[in-house]
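Each chain, letter by letter, is given below.
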Amino acid sequence: MNLFEQTVVTRLEQRTRRYFLKESLNGLAGTLLGIGGSGALAATQFAKPDLATPFATRAPLGPATAKRVIFIHLAGAPSQLELFDYKPELCKLDGQDCPSEFIEGKRFAFIRGVPKLLGSVYPFKQVGQSGTWLSDRLPYFEKVVDKVCFLRTMQTDQFNHAPAELLLHTGNQNLGYASMGCWATYGLGNENQNLPGFVVLLSGGAFPSAGKSLWGSGFLPAVYQGVQCRSQGEPVLFLTNPPGISRTIRGQQIDALRQINQETYEHFGDPQTVARISQYEMAYRMQIAATDAVDITQEPQHIHALYGSQPGAESFANNCLLARRLVERGVRYVQLFDSGWDSHGANAEEALNKGFQNKCRDIDQATAALLIDLEQRGLLDETLVIWGGEFGRTVYCQGPLSRENYGRDHHPRCFTMWMAGGGIKPGITYGETDDYCYNIVRDSVPVHDCNATILHCLGIDHTRLTYRFQGRDFRLTDVHGEVVNGLLTHHLARGGSVVLTSHQALSLRGVAPALFDLGSAA
C-alpha cells in the first residue's frame with residue numbers, strides 16, 4: 001500500500017462510527033486510569049515495529065518468564081493413549097464394540113461402521129517424583145518427566161490434519177493467517193540481528209500436511225515469515241555465493257540494491273520496499289552467522305552422545321541439537337516439525353504396533369537431551385519448550401483389529417501436549433479426561449487458550465498484539481483465548497490491560513451509555 005492509498009484508507013476510517021467509538025472509548029478509559037491505578041495506557045499500547053529494522057529487540061509490554069520458544073510438533077498426531085494418558089478401564093474393554101454414544105452423530109475422518117475399542121497397546125508405569133503415568137515407549141523421557149507440565153485436556157475443533165495444524169499454529173483453520181512464530185518476532189523482534197527471528201527445522205522425510213503455510217507470515221510483513229534451515233548441506237538454500245562471486249563483490253551488490261530500493265521508497269513510499277532492504281542485508285549477514293550456527297560438528301562428542309546426533313545426517317536428533325544452538329544465539333522462535341505420526345494402521349509404517357515404535361525411538365532420546373542440555377546451560381528457565389501434535393487419536397481401532405497392523409483415527413475432543421521451562425510449573429498434570437479418554441471432564445484447554453498462554457509467557461498480551469488488515473484488527477487468537485493460569489509458576493498481570501471494577505464500569509456506562517451499544521456500529 002503506497003502513501004496515497006494509505007491516506008485514502010485513513011480518511012475513510014475516520015468517517016466511520018466504529019472509528020469514533022474506538023477513539024471515544026480509548027479516551028474515556030484513559031480518564032479512568034487514575035481510578036483503576038493501572039498505570040499509563042500510552043505506555044502499554046503496542047507500537048508497530050519499524051520495517052527498516054524489523055528485528056530490533058523490543059521489550060515486552062508485560063512481565064515475561066520466557067525469552068524464546070522451541071515448539072516441537074509431531075505432524076500426524078501421536079497417540080496420547082500409547083504415551084501419556086493411561087486408561088485401565090479402556091484396557092478392560094479391549095476388543096469390544098464401541099458404545100453407540102461414542103459414534104452416533106459424530107464426524108470422523110475415516111471411521112465406518114461400528115469399530116472395536118482398543119486399549120493402550122503398551123504398558124504404563126508411574127515414574128518420577130510426580131508419579132506421572134508414562135508408557136514404556138519413552139525410556140529416556142522418563143528421566144526428565146518431572147521437568148514438564150502435561151496438558152492432558154488439549155482440545156481442537158478440527159479433525160483433519162491440515163486445518164488442525166493451521167489452527168494450532170496460526171489460530172485459524174484457513175489459509176492466509178500468520179504463524180505464531182511470526183507474531184512473536186513481530187511483537188518482540190530478535191536478540192540476534194545476524195540470524196532470523198523465526199527458524200523452521202524439518203525431519204521425518206516429509207512436510208507437514210499444511211505445508212509452508214504453517215510458518216508463513218500471512219498478512220503480516222513478509223520479513224517475519226519463518227526461515228527453513230537444514231541440518232544437512234547448505235543451511236538455507238541459495239545462501240552461499242555462486243562460483244566467481246566473492247564476499248566483497250556480494251557486499252557491493254547489496255550496497256547498490258540498498259541505494260536503488262531507498263530511491264524507490266522515497267519516490268513511492270511503499271513500506272514493503274524498506275522491508276526488502278532489510279531482508280537483503282539480513283541474508284548477507286546470515287552467510288557467516290547461519291553457517292556457524294548450524295555447524296553441529298563444533299559440538300563435543302559427549303553432546304552428540306547425549307542427543308544421539310550424527311553430523312551430516314537429516315534427523316530429529318540433529319534438529320534438537322540445532323534448536324539449542326539457535327536459541328543459545330538469541331533466535332526468538334524455533335519450530336521443529338517431525339512427520340510420520342499418523343497411526344491409522346493402514347500399513348506397517350502407520351501401525352501402532354510397528355511404525356509407531358520406530359517413531360518413538362527416533363524422538364525419545366533427543367527430546368530428553370534437549371531439556372537436559374538447556375537446563376545445564378542455564379537456558380531452560382528462559383526458554384519455553386512445547387511438544388505435541390494437532391489432535392489426538394480415537395479410543396477405538398480404525399479398521400479390523402488384527403495382530404498384523406492396527407491404528408486409531410483422528411480425535412479432536414481431547415489430546416495431550418506438554419510444556420517445560422519458561423515459567424511453566426514442572427512436574428504437574430493439568431486437566432482430566434474420562435475413563436476412556438473420549439471426553440474432557442475437567443479443565444479443558446482449547447487451542448486458542450494454549451496460544452494465549454504461550455504469548456503470555458513471552459510477556460505479550462494476546463489481546464493487544466494486533467495487526468490492521470482489510471479494515472479490522474487481527475490477532476493470533478482472534479476473538480478467543482484465555483491464559484491458563486494453572487500452568488504458570490506465577491500468575492502474571494496481563495500487560496497493558498485496563499482493569500475496571502464493577503463500580504467503575506457502571507460509572508463509565510453512566511457517562512456514555514450509548515457507547516456500550518455497539519451492535520449497530522458500522
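Check the entry above for the structure.
First, a word on scope: everything that follows refers to the structure included in this document. (Residues numbered from 1 in each chain as written. Predicted model: local features only at pLDDT ≥ 70, side-chain atom pairs only at ≥ 80, totals over all residues. Heavy atoms only, no water.)

**Let's talk about the overall build of the chain**
Next up, step 1: In terms of regular secondary structure, the chain is built from 13 helices and 17 strands.
Next up, step 2: Evaluated residue by residue, the chain yields a buried proportion of 50% over its 522 residues.
Next up, step 3: Sequence-distant contacts in the chain: of pairs separated by 6 or more residues, those separated by 24 or more amount to 77%.
Next up, step 4: About 23000 Å² of surface is accessible on the chain, with carbon and sulfur atoms providing 52% of the total. (Helix = DSSP H or I, 4+ residues; strand = E, 2+ residues; numbered from the N terminus. Buried < 20%, exposed > 50% of the residue type's maximum accessible area, 1.4 Å probe, protein only. Contact = heavy atoms within 4.5 Å. Areas by Shrake-Rupley, 256 points an atom, 1.4 Å probe, with all protein chains shown as cover.)

**Quick look at the nonpolar core**
Next up, step 1: With 59 residues, the main nonpolar core has Phe71, Trp183, Leu384, Met419 and Ile454 as its most contacted residues.
Next up, step 2: Once you skip the residues sitting within four places of it in the chain, tryptophan 183 turns out to touch Ala178, Phe219, Leu220, Leu465, Thr466, Tyr467, Phe474, Arg475 and Leu476.
Next up, step 3: Within the second largest apolar cluster, 56 residues are counted, among which are Val145, Cys229, Val385 and Trp418. (Core = buried A, V, L, I, M, F, W, Y, C linked by side-chain atoms within 4.5 Å.)

**Examining the pairing of strand S8 (residues 383-388)**
Next up, step 1: In terms of burial, S8 is a largely internal element, 6 of the 6 residues being buried.
Next up, step 2: Burial along S8 is two-sided: Thr383, Val385 and Trp387 and Leu384, Ile386 and Gly388, pointing in opposite directions, are all buried.
Next up, step 3: Taken together, the 6 bridges between strand S1 (residues 68-75) and S8 define a ladder with parallel strand orientation. Counted as the bridge partner of isoleucine 70 is valine 385 from S8. (Pairing = 2+ DSSP bridges.)

**So, the environment of threonine 394**
Next up, step 1: Among the structural elements, threonine 394 can be located in strand S9 (residues 392-398).
Next up, step 2: On the basis of relative accessibility, which here comes to 0%, the residue threonine 394 falls in the buried class.
Next up, step 3: Separated by 314 residues in the primary sequence, threonine 394 and glutamine 80 have C-alpha atoms spaced 9.3 Å apart.
Next up, step 4: For threonine 394, the side chain forms a polar contact with the main-chain oxygen of tyrosine 396, separated by 2.9 Å. (Polar contact = N/O pair within 3.5 Å; in protein donor to acceptor, adjacent residues only side chain to side chain.)

**Points about unusual backbone geometry**
Note on backbone geometry: most residues besides glycine have negative phi, and most peptide bonds are trans.
Next up, step 1: Even without a glycine there, the phi angle at glutamine 470 is positive, about 50 degrees.
Next up, step 2: One non-glycine residue, aspartate 478, adopts positive backbone phi at about 55 degrees.
Next up, step 3: Tracing the backbone shows aspartate 478 in the loop between strand S17 (472-474) and helix H13 (502-511).

**Let's talk about helix H7 (residues 247-268)**
Next up, step 1: Compared with the 32 Å implied by 1.5 Å per residue over 22 residues, the 31 Å span of H7 between its first and last C-alpha is a close match.
Next up, step 2: Buried within H7 we find Gly251, Ile254 and Asn261. When H7 is viewed along its axis, its buried side chains cluster within an angular range of 90 degrees and face the same direction. In H7, the exposed positions that point more than 90 degrees away from the buried face belong to Thr248, Gln252, Gln259, Glu266 and His267.
Next up, step 3: Phi for glycine 269, located one or two positions after H7, is positive at around 75 degrees. (Expected span 1.5 Å × (residues − 1). Arc of directions from axis to C-beta.)

**Some words on the packing of aromatic side chains**
Next up, step 1: Inspection of the entire model under this criterion finds 24 aromatic pairs.
Next up, step 2: With centroids separated by 5.3 Å and ring planes inclined at 50 degrees, the aromatic side chains of phenylalanine 84 and phenylalanine 150 adopt a geometry described as tilted. With phenylalanine 84 in the loop between S1 and helix H4 (88-92) and phenylalanine 150 in strand S4 (residues 148-155), this residue pair connects regions lying 66 residues apart in the sequence. You'll find phenylalanine 84 and phenylalanine 150 in the same group, each marked buried.
Next up, step 3: When the centroid spacing of 6.0 Å and the interplanar angle of 25 degrees are considered together, the rings of phenylalanine 207 and tryptophan 215 count as stacked.
Next up, step 4: A relative accessible area of 4% means that tryptophan 215 is categorised as buried. (Phe/Tyr/Trp six-rings, centres within 6.5 Å; stacked < 30°, edge-to-face > 60°.)

**Quick word on the side chain of serine 339**
Next up, step 1: Checked against the element boundaries, serine 339 lands in strand S7 (residues 333-339).
Next up, step 2: A distance of 2.9 Å separates a polar side-chain atom of serine 339 from the backbone oxygen of alanine 206.
Next up, step 3: Look past the residues within four positions of serine 339 in its chain and what remains in contact with it is Ala75, Ser203, Gly204, Ala206, Phe207, Pro208 and Lys359.

**Here's the deal with the packing of helix H10 (residues 316-328) against helix H11 (residues 355-376)**
Next up, step 1: It is at 8 Å that the axes of H10 and H11 come closest, and there the two elements cross at 20 degrees. Taken together, the axis directions place H10 and H11 in an arrangement best described as roughly parallel. Crossing of H10 against H11: the hand is right-handed. Along the contact surface, H10 presents Phe316, Ala317, Cys320, Arg324 and Val327, while H11 presents Asp362, Ile363, Ala366, Thr367, Leu370, Asp373 and Leu374.
Next up, step 2: Looking at side-chain class alone, the contact of H10 with H11 contains 8 nonpolar, 1 polar and 3 charged residues. (Axes fitted to C-alpha atoms, helices over the stretch in contact; angles between N-to-C directions. Parallel < 35°, antiparallel > 145°, perpendicular 65-115°, else oblique. Left-handed = near helix turned anticlockwise from the far one by under 90°. Nonpolar A, V, L, I, M, F, W, Y, C, P; charged D, E, K, R; others polar.)

**Remarks on helix H5 (residues 161-170)**
Next up, step 1: The buried count for H5 comes to 8 of 10 residues, which makes it a mostly enclosed element.
Next up, step 2: What H5 keeps buried is the set His161, Ala164, Glu165, Leu166, Leu167, Leu168, His169 and Thr170.
Next up, step 3: In this fold, the buried residues of H5 make contact with S1, helix H6 (180-188), S7, S9, strand S10 (407-411) and helix H12 (447-457).
Next up, step 4: Residue glycine 171 follows H5 closely and has a positive phi angle near 85 degrees.

**Quick look at the side chain of asparagine 451**
Next up, step 1: For asparagine 451, the position within the fold is in helix H12.
Next up, step 2: Each residue touching asparagine 451, except ones within four places of it in the same chain, is listed here: Leu167, Leu168, Gly171, Met180, Leu476 and Thr477.

**A closer look at the pattern of salt bridges**
Next up, step 1: This structure, assessed with the given rule, holds 26 salt bridges.
Next up, step 2: Its salt-bridge partner being aspartate 478, residue arginine 472 comes within 3.1 Å of it at the nearest N-O pair.
Next up, step 3: Each of the salt bridges in this network shares a partner with another, and the network as a whole consists of Asp292, Glu299, Arg324, Arg325, Glu328, Arg329, Asp373 and Arg377. (Salt bridge = Lys/Arg side-chain N within 4 Å of Asp/Glu carboxyl O.)

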